[in-house]
Amino acid sequence: MDSVRSDRAAAAPRVPLALKILIAGGFGAGKTTLVSALSEVRPLQTEEVLTGAGIGTDDVSGVEGKSTTTVAMDFGRITINDDLQVYLFGTPGQDRFWFLWDELAFGALGAVVLADTRRLADCFPSIDYFEQRGIPFVVGVNCFDGARRFSLEAVRDALDLDPEVPLVLCDVRDRQSGKLVLISLVEHVARRRGEPVPVG
């Protein structure tokens, strides 16, 4: 009898640990693209076509080619192993959707703030949000084709980032580049918690 009970217990499916990471930043910074590049499943996207109703509300200067916008969130998943899954939540970029942020941020391990050097000021609200709530974050400078390149030091100064906030260059279209940004965030969270960070 005892062996039957232990066999059933051993066969019970394990529920993996779930980590929640937010992908934030200004309008057109590449949040939807990053979630799409990283997700192992077809990502849930709430993209809608920009219409004339957004004129005067949505500032498309610098991103004139953008034709859609996220109106709720993007969602993707990465399975690390049988015991660990990462859930990615892309936040909407415009002010009028900020009422969703508190719900999306609840229980998050941390956040990636995407910065677009063509519209650098657009990521200030995201940085302020995470700083005020004590949520660890990293800043990924999305290297858009044709955009002027700046040194990381110049971007750090322009954003007035604390020295311990990681700042990395990335191409959100590239899965490996996106992974490196997430690794940077996880290492940052571990350092803040006083946990060892693997080297190499």
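Residues numbered from 1 in each chain as written. Predicted model: local features only at pLDDT ≥ 70, side-chain atom pairs only at ≥ 80, totals over all residues. Heavy atoms only, no water.

A short note on the overall build of the protein
Phase 1: Each helix and strand in the protein was counted, giving six helices and seven strands.
Phase 2: Walking the protein from its N terminus toward its C terminus, one meets helices and strands in the order α-β-α-β-β-β-α-β-α-β-α-β-α.
Phase 3: Out of the 200 residues in the protein, the part that is buried amounts to 42%.
Phase 4: Look at the contacts in the protein between residues 6 or more apart in sequence, and 71% of them connect residues 24 or more apart.
Phase 5: Only carbon and sulfur atoms are counted for the fraction: they give 55% of the accessible area of the protein, which is about 11100 Å². (Helix = DSSP H or I, 4+ residues; strand = E, 2+ residues; numbered from the N terminus. Buried < 20%, exposed > 50% of the residue type's maximum accessible area, 1.4 Å probe, protein only. Contact = heavy atoms within 4.5 Å. Areas by Shrake-Rupley, 256 points an atom, 1.4 Å probe, with all protein chains shown as cover.)

Description of the packing of aromatic side chains
Phase 1: With the rule as written, the count across this model stands at six aromatic pairs.
Phase 2: Linked through ring pairs, Trp101, Tyr129, Phe130 and Phe137 together constitute an aromatic cluster.
Phase 3: The ring centre of Phe89 lies 4.9 Å from the NZ or CZ of Lys20, which sits over that ring.
Phase 4: Sitting over the ring of Phe144, Arg118 keeps its end group 4.0 Å from the ring centre. (Phe/Tyr/Trp six-rings, centres within 6.5 Å; stacked < 30°, edge-to-face > 60°. Lys NZ or Arg CZ within 6 Å of the ring centre and 35° of its normal.)

Remarks on the layout of surface pockets
Phase 1: In this structure, the largest pocket encloses a volume near 520 Å³.
Phase 2: Every residue lining the largest pocket is counted, 21 residues in all, and those nearest its centre are Leu19, Leu84, Leu182, Ile183 and Val186.
Phase 3: Of all the secondary-structure elements, those providing two or more residues to the lining of the largest pocket are strand 1 (17–25), strand 3 (68–81), strand 4 (84–90) and helix 6 (175–192). (1 Å grid on protein atoms, 1.4 Å probe; cavity = no way out; pocket = protein on both sides within 12 Å on 5 of 7 lines; lining within 4 Å. Points joined across faces, edges and corners; volume = space filled by probe spheres on them.)

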